[in-house]
Every structure is written in C-alpha cells, then in structure tokens.
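# Survey of secondary and tertiary structure
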Amino acid sequence: LSPTSLLSCVCVKGVRRYHASRVLCQRAKVAMSQFEPSEFVNYEKLEKNINIVRKRLDRPLTLSEKIVYGHLDDPAKQDIERGKTYLRLRPDRVAMQDATAQMAMLQFISSGLPRVAVPSTIHCDHLIEAQLGGEKDLRRAKDINQEVYNFLATAAIILENYSYPGVMLIGTDSHTPNGGGLGAICIGVGGADAVDVMAGIPWELKCPKVIGVKLTGSLSGWSSPKDVILKVAGILTVKGGTGAIIEYHGPGVDSISCTGMATICNMGAEIGATTSVFPYNSRMKTYLSKTGRAAIASLADEFQEHLKPDPGCPYDQLIEINLNELKPLINGPFTPDLAHTVEEVGAVAEKKGWPVDIRVGLIGSCTNSSYEDMGRSAAVAKQALAHGVKCKSQFTITPGSEQIRATIERDGYSKILRDVGGVVLANACGPCIGQWDRKDTKKGEKNTIVTSYNRNFTGRNDANPETHAFVTSPEIVTALSLAGTLKFNPEVDFLTGSDGKKFKLEPPDADELPKLEFDPGQDTYQHPPKDGSSQHVDVSPTSQRLQLLEPFDKWNGKDLEDMLILIKVKGKCTTDHISAAGPWLKFRGHLDNISNNLLIGAINIENDKANTVRNALTQEFGPVPDTARYYKKEGINWVVVGDENYGEGSSREHAALEPRHLGGRAIIVKSFARIHETNLKKQGLLPLTFADPADYDKIHPVDKLSIVGLKDFAPGKPLKCIIKHPNGSQETIVLNHTFNETQIEWFQAGSALNRMKELQKH
C-alpha cells in the first residue's frame, strides 16, 4: 500500500485531520499487556465511538472527551452535557490494591458472579509497614498479612504496569490517575464501582467538565514536574478540580518526561479532580518501548489523532503556566494546596511558628519514585558526598516498584542514597499512607517532615497531629535533608563541607530512563488459573482480618424522622478523618472491626476535640464509634453534619461503609468530594448538601433531624429537613442532592449491591 492509501480525511469545522484506515486497524492486534496475550488494545472501537459523538456534538473535542466518550456504552443515544448528565461507560480494566481490594472482592463475591468481565488486577503495596528497611519489612508483612494475601490470591491476580494511551481504567485507589502520564483516563473509585465493571455492568460517571492547563516554555534548574502540580494546587485549591478532568496541553508538555507527567497526574487527586491526562507524544512512546510495549506505541502512532485534543477544543476553565518562570515549590503543612516557593518557606515557617528544623525527609511512594526521580536525588546526594557531607535529617527512600528497586540498585543510585544516610524501604506506600512505625517522635510532639508524597493531611503519615508535613520534589527533599532546615534554598544557599569550605549544590541532572534495559527484579506476578471453577475462597468466621458481608437493610418506604446527630464536624474532614489508615489497614477486610475507627479524627464542633461526642441518650461524652454502636443497638438512626469538601482525599469506600454499618442514614454537608459522594450513594446512604450553606449554623449537635419527602424522591427535586431544637421549636431547611434515577434505586434497595442482586433475579 502507498502512504496515501493508508490515510483517509475527515473535516470538522474546517479542521483537517488524518487517521489510519480501518484496513490497517483490523490487521493490528496488540495485547494490552504481556501477561494477557488474548486481551487486545481496541482503538477501532474507540475511533468508532468518537466519530459517532463528534457527528452529534459537531465541535472539536478535548482529549478527555475523546477517551471518555470513546468508552460510552451507547454513544448514539447517551445524553452528553458536561457537569450535568450521567454517562454510562465501559472501562477497559480494573486495578485494585491490597487494602481496598479486600472489600471490593468481598462485594464481588456477594454478587454471586463466578468470574470478572474485564481484566482485573491486585497490587500488594499498602500493607507493608516501614520500620527497618525494605527486605526485613517485606518479610514481616508477608508473615503478618498471610491470611489476607491468601484470600486475595484465591480471588484475583497481581500485576504491575498496564496503562497505555487511550485506555480507560478504574482503580480502587485515589492515585490511579497516575496513568494519565501515559495518555490514559485512569480514575480512582470505590470498590462498589469496581464491582460494577468487574460484573460487566455499565459504570456511571457524571459527565466531567474539562479544565485545560496550557504549558509553555520548559523546565530547567531546580524546577521539576512536581512543581507543576504544586502550582496548579495552589491555584485551584483542594476542591477546585471537583467534577473535572485536568487536561494538560501546549508546547511545554514535550519538555516533561513520561514519568514526570505521571507525577503531575498522580497528585491531581489532591485538587479533587476526576482524573488528569496528557496528550500522547514522543516521551510516552519512548517509555512504552523501554518497558517492553513497543507494539502498543506503534499502534498509538497510527491512531494518534484520537490521543490528542482537537485544535480549538473548548475548555470549561483555562490555566496557563510558563515553565520558564516556574520556581521550586513546597506545599503545606496540613493541606496540599498551601503553596510556597522554597525561597520563602523558611521565613513563612518562622512567622507562623512552624518548626523549621526537619526531622525526616522522605522520597518515593507512587507520586515521585521513578528512575528519573531517584537519579535526580542521587545526583544531589553525590555532590554532598564529594564534600564529605551527609544528611542532617533522617532520610528514607521508597522505590516505586520492584523494577525500579532492582534497576537503581544495579545502577548505583541506591548505594549513593544509602551512603548519604538514607534507608531504602520496601517497594510500597509505606509512610505516605501512615504505614510507618516511627520511633523518633512521640505523639503530640511538634515537628516538621518534608516528603515527595502527594498528601499531607493532619496525622496522615505518622498519626501525630503535630507533625507538620510539607510536600515537594524528591531533589528538594534531598537538599533540605542535607541542610536539615526549611530555611535552606539550594538555588542560592551554601553547605559546609567536611573541610570547612562552603559549597553550593548544582541543579541535578539525571537520565529519564536507564541506558541499559530495566532490571525486572524478582518475578512477583501470579497468574490466574485458566479455570477458576475449582478455586475455593475461605473466610473463617472467627477471623479478625476478614469478614463476609451481610446485605444492608432496604429503605422502609418512610421519611427518616427524629434522627440524632452523631457529630457535627468542624472544618476539614477528609477520608483520613473518617476512616484512618496506618494501623487500621489490617482491618480493611473486616467491616465490623474497621468501623471502630469511624470519624475518630474529625473535630467535634461542640468541644473542639477529636473522637469525643455527646451521647444524646445518656448525656455522657465518649468515642464516636462507641456512640454510633449505642444508637444502633437502640434502633435509632443518626446523621453526620459536615463542612466544605467533605470526604476529600483517598477513594476509600470504608469511609462510606462504616457509617452505614453502624446505623447512619444521611451525611449533610456544605459540599462533597466527588468520589466520596458516589461511595455514600453506593452504600444506600443519603449524601445531601445545604441549599443555603448558612443553614449549617442553624443545626446544633443536640438537635434532632427529620428528612422528609422521600416518598417523592426524584432527580433534581430537593428534600426538606426539619430541625427540632431541644426547646421544642422547629425550623425547616432545604437540602439538595445529585441522585439520578438509578442511584435512587440504590437507596431504595439499601445499596447498589442489593440492587444488582434484585436485577439478577429478574
């Protein structure tokens, strides 16, 4: 065939584009991953759906729209209005991690289905506690978590890398959007959403808005990809991306490595974004080829028109960042959107009374743990070692995968980082999610840590509410750990060598990818059996780690009257506040046990204390979970009242399962984080928002609340709440909701899983 015969032309509003012909597409069969030779990349279907939607909308499409609408269940009839309609989608695959997978698999088992409908994987990285170092911590985790690992091994498979341009993937981790660095739409969800996809049911998502971030210029010096998302977080705040996909584009994109793009997309979760994505380019092609997926890269080249935004496509909001002007940033403490330049943070800390001495510097985790990240940190450390200098702060390194661990060990990076005083931990989340057996401080002791992680909420890393955690790039963490203080700016300040002479660190330079091939390290992949019918999943009735699920009760057809207020939350309430991680991770497969951490981190507006609420029946103060259990035993329904962006942070559905399990019926707040609002609906709870945010102040912890109008519950129709004060007076307020017809059926059935079973009977 001649080059011209391989091309066909399509015009939309005067824009001419070319794409590979269907003859060529039909010949190309490329496996989605090396582990799944019979599951193929399906760009043909993507192209077909995009063309249907393009004809209907008659306008240029963003990249986000192409991939999302390209996975519609019914592209010809689906109502499409950004920010309003609910889309029914067919994702290509599901990814889970060992903490969230337990509940997801327990729910899938409850569905009664024998096998998943799409490729589904589990990654064991959350249950490994950082304590002594990688090898010892991994051995300890295998021993402690044997029961859970055995359960997961009989329920699913384990895999490492499978993102590719144009794929739609959902994962039971809020940092699933990491895959956007490879031009994919990867969305963090709760386990119930994963069950829908694994069961072959169309997955619902409110049609996302699209926020464009145009990048110009190029990164240089101490500036890094991390600074891009730290800058965006400072602009949009922790809720500015809610209900939207962040789409990066512009000439500056090509100056960022593929893993750098992944870092930016990863941390998009901290601004509430549905996900983030970059357009397919040569950096992605190189990365795919280096990781054994050259065939996917070649296929993506042929379909690249569908893996980039159309010229002139409309964005709901546009942010422009000149990378030439971007300075190194450090965000925190206690929230990832409080942005400072590295130059100014020391002075700000002194003014605010934050500790300037850095106790621990931590690099790695899923956000910044690539070969390039480790190389840039090693480049900083190598300069210090040349002058006889080691870290003044404690320093830990968490490789991003077994492949990264093995490769940086082979190429000498690990030795450099250990020589400068670092401890290389296991390839796991570790301190990033609170899996850190920290020994150098006591709870309540004021201290500062700097990390290259993504999240720095109160108590997130070490369960100490007085730990001031700042997030920045790995190279800045390394430089600050050498100096031991927030008052050090590597761009202008000097360190003192062992010979007493001053020296200045040069901006780090490192290879984007290894010159040699990646070292895969130990083979940790576990193949699924060809025939799973003989597999038996055992859950002991006396287990403290795993518990089979019992269906939640159906709605009784009546209004919810005279409900008690379990807690009126003051200020920020993330999923870490609602269902803490760290030591509680071991109970992720046992709903009753993990419910003992319900809202123990939330601040009670009545007394400004955490985990101390008034029992309305006894008038005694006690822990939140104990009070909830008391009400449940007495057969009394209760509600939670909260503030802005309730449920931001991790996509953990335990934050929705626990209140439902302990007798909760509604969560009434000023606004919700998207994932958490959906998770609450899935479990049969009512997530409701004040029509007038000022009504938050009308409710007192001692009031009783009735939600009325449920017999006429309908999309777009507000509900009413009657507030009954102790003095006998009453007032009525309006509560909004975002339920569609399907979600109302979930509520009426008691949960989405209950509704799935009802439909199976028919």
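Residues numbered from 1 in each chain as written. Predicted model: local features only at pLDDT ≥ 70, side-chain atom pairs only at ≥ 80, totals over all residues. Heavy atoms only, no water.

By the naming in an unreviewed UniProt entry, the chain goes by Aconitate hydratase, mitochondrial and is assigned to Podarcis muralis. The heading Function (unreviewed entry) in the UniProt record of the chain holds the text "Catalyzes the isomerization of citrate to isocitrate via cis-aconitate." On record in UniProt, under Catalytic activity (unreviewed entry), the comment for the chain is "citrate = D-threo-isocitrate". (UniProt positions renumbered as here; feature names shortened; annotations may be inferred.)

Glancing now at the overall build of the chain. Looking only at helices and strands, the chain features 23 helices and 33 strands. Taking all 762 residues of the chain together, the buried fraction comes to 60%. For the chain, the accessible surface area stands at approximately 29,200 Å², while carbon and sulfur atoms represent 50% of it. (Helix = DSSP H or I, 4+ residues; strand = E, 2+ residues; numbered from the N terminus. Buried < 20%, exposed > 50% of the residue type's maximum accessible area, 1.4 Å probe, protein only. Areas by Shrake-Rupley, 256 points an atom, 1.4 Å probe, with all protein chains shown as cover.)

Moving on to the nonpolar core. Tyr43, Leu215, Tyr248, Phe278, Leu482 and Leu505 are the most contacted members of the largest nonpolar core, which has 95 residues in total. Mapped onto the domain boundaries, this core takes at least three residues apiece from domain 1 (51–322) and domain 2 (329–504). Ignoring anything within four residues of it in the chain, the contact list for Tyr43 reads Tyr164, Pro165, Gly166, Leu299, Ala300, Phe303 and Leu307. Core analysis: the next-biggest nonpolar cluster, separate from the first, contains 34 residues, Val94, Ala104, Met105 and Trp203 among them. (Core = buried A, V, L, I, M, F, W, Y, C linked by side-chain atoms within 4.5 Å. Domains from an automatic or database assignment. Contact = heavy atoms within 4.5 Å.)

Let us now look at the sheet that holds strand E12 (residues 275–277). Taking strand neighbours across the sheet as the criterion, the four strands line up as E12-E11-E10-E13 in an open arrangement whose pairing is parallel. Each edge of the open sheet carries a strand with a single partner, namely E12 and strand E13 (317–322). If you compare each strand with its neighbour and ignore which way they point, the axes differ by 20° on average. Sheet topology note: the strand E10 (residues 209–216)/E13 ladder contains six bridges and is parallel. Paired with Val213 across the two strands is Ile319, which belongs to E13. Contacts from helix H8 (residues 225–236) reach E10, strand E11 (244–249) and E13 within the one sheet, and its direction differs from that of E13 by about 135°. (Pairing = 2+ DSSP bridges. Axes fitted to C-alpha atoms, helices over the stretch in contact; angles between N-to-C directions.)

What follows is about the side chain of Ser579. Mapped onto the elements, Ser579 comes out in the loop between helix H17 (575–578) and helix H18 (591–594). Ser579 sits in the buried class, given a relative accessible area of 0%. When residues no more than four places from it in sequence are discounted, the contact partners of Ser579 are Ile594, Asn597, Arg652, His654, Ala655 and Glu658.

Take the sheet that holds strand E32 (residues 719–724) next. One key point about sheets: their strands pair by backbone hydrogen bonds, in either a parallel or an antiparallel sense. Within the closed barrel, the seven strands sit side by side as E23-E28-E29-E30-E33-E32-E31. Their pairing is mixed. Sheet twist, expressed as the mean angle between neighbouring strand axes with direction ignored, is 40°.

One pass over the full model with this rule turns up twelve aromatic pairs. On the numbers, 5.6 Å between centres and 40° between planes, the contact of Trp555 with Phe747 is tilted. Pair noted here: Trp555 is in the loop between strand E22 (502–503) and strand E23 (560–568) and Phe747 is in helix H22 (residues 741–749), with a separation of 192 residues, a long-range link. Across this residue pair, the class does not change: Trp555 and Phe747 are buried. An aromatic cluster of at least three residues, connected via ring pairs, comprises Trp555, Phe713, Phe739 and Phe747. The ring of Tyr696 carries the charged tip of Lys670 above its face, separated from the ring centre by 4.7 Å. (Phe/Tyr/Trp six-rings, centres within 6.5 Å; stacked < 30°, edge-to-face > 60°. Lys NZ or Arg CZ within 6 Å of the ring centre and 35° of its normal.)

Inspection of helix H10 (residues 282–290) places Arg283, Met284, Tyr287, Leu288 and Lys290 among the buried residues, and these make up the whole buried set. The buried side chains of H10 occupy one side of the element, clustering within an arc of 165° when seen end-on. Of the surrounding elements, those touching the buried residues of H10 are helix H9 (258–266) and helix H11 (294–302). The opening residue of H10 is Asn281, an N-cap whose side-chain oxygen sits 3.1 Å from the backbone nitrogen of Arg283. Backbone geometry just downstream of H10 places Gly292 in the positive-phi region, at approximately 80°. (Arc of directions from axis to C-beta. Polar contact = N/O pair within 3.5 Å; in protein donor to acceptor, adjacent residues only side chain to side chain.)

Here we come to the pattern of salt bridges. Any two side chains of opposite charge can pair if their charged atoms end up close together. Taken as a whole and judged by the stated rule, the model has 40 salt bridges. The partner of Asp576 in a salt bridge is Arg460, with the nearest N and O atoms 3.0 Å apart. Of this pair, Asp576 sits in helix H17 while Arg460 sits in the loop between strand E19 (447–451) and strand E20 (467–471), placing them 116 residues apart in sequence. We note that Asp576, like Arg460, is buried. Asp511 is paired through a salt bridge with Lys515; the nearest N and O atoms lie 2.6 Å apart. Judged by relative accessible area, which is 29%, Asp511 ranks as partly exposed. Given the relative accessible area of 68%, Lys515 is considered exposed. Through salt bridges with shared partners, a single ionic network connects Arg59, Glu65, Arg82 and Asp316. (Salt bridge = Lys/Arg side-chain N within 4 Å of Asp/Glu carboxyl O.)

Here we come to helix H16 (residues 474–483). In terms of burial, H16 is a largely internal element, ten of the ten residues being buried. Along H16, the positions that sit buried rather than exposed are Pro474, Glu475, Ile476, Val477, Thr478, Ala479, Leu480, Ser481, Leu482 and Ala483. Phi for Gly484, located one or two positions after H16, is positive at around 80°.

For the rest of this paragraph, the subject is empty space enclosed by the protein. With the rule as written, the count across this model stands at seven cavities of 30 Å³ or more. Roughly 190 Å³ of internal volume is contained in the largest cavity. As for the largest cavity, its lining consists of 19 residues, of which Ala269, Gly272, Ala273, Gly649 and Ile675 are closest to the centre. Sort the elements by how many residues they give to the lining of the largest cavity and helix H21 (residues 674–682) lands first, with three residues. Across the lining of the largest cavity, the residue classes tally to six nonpolar, ten polar and three charged. (1 Å grid on protein atoms, 1.4 Å probe; cavity = no way out; pocket = protein on both sides within 12 Å on 5 of 7 lines; lining within 4 Å. Points joined across faces, edges and corners; volume = space filled by probe spheres on them. Nonpolar A, V, L, I, M, F, W, Y, C, P; charged D, E, K, R; others polar.)

On to the confidence of the model for the chain, then. In this model, the chain carries a mean pLDDT of 88, and residues with pLDDT of at least 70 account for 89%. Here residues 1–27 is modelled with pLDDT under 50, and outside its nearest four sequence neighbours on either side it reaches 42 contacts, counting other chains as well. This stretch, residues 151–160, has a pLDDT under 50; its non-local contacts, to residues over four places away or in other chains, come to 45 contacts. (pLDDT = per-residue confidence, 0-100.)

The next subject is unusual backbone geometry. With an omega dihedral of 0°, the bond running from Gly332 to Pro333 counts as a cis peptide bond. With a phi angle near 60°, Asp608 is a residue other than glycine that sits in the positive phi range. Within the fold, Asp608 resides in the loop between strand E24 (603–604) and strand E25 (609–610). The class for Asp608 is partly exposed, based on a relative accessible area of 48%.

Looking now at the packing of H8 against H9. Interaxial distance between H8 and H9 falls to 8 Å at its minimum, and their mutual angle equals 25°. Taken together, the axes of H8 and H9 lie roughly parallel to each other. Read as a crossing pair, H8 and H9 show a hand that is right-handed. Here H8 contributes Pro225, Lys226, Val228 and Ile229 to the contact with H9, which in turn contributes Gly260, Thr263 and Ile264. (Parallel < 35°, antiparallel > 145°, perpendicular 65-115°, else oblique. Left-handed = near helix turned anticlockwise from the far one by under 90°.)

Here we come to the environment of Glu320. Looking at where Glu320 falls in the secondary structure, it is placed in strand E13. Taking the C-alpha atoms as reference, Glu320 lies 4.7 Å from Lys214; in sequence the two are 106 residues apart.

What follows concerns the pairing of E20. In terms of residue burial, E20 counts as a mostly covered element, since five of its five residues are buried. In E20, alternate side chains face the same way, and those of Thr467, Ala469 and Val471 on one face and His468 and Phe470 on the other are all buried. Two elements, E19 and E20, share five bridges in a ladder whose sense is parallel. Within E20, the position partnered with Asn447 by the bridge is Thr467.

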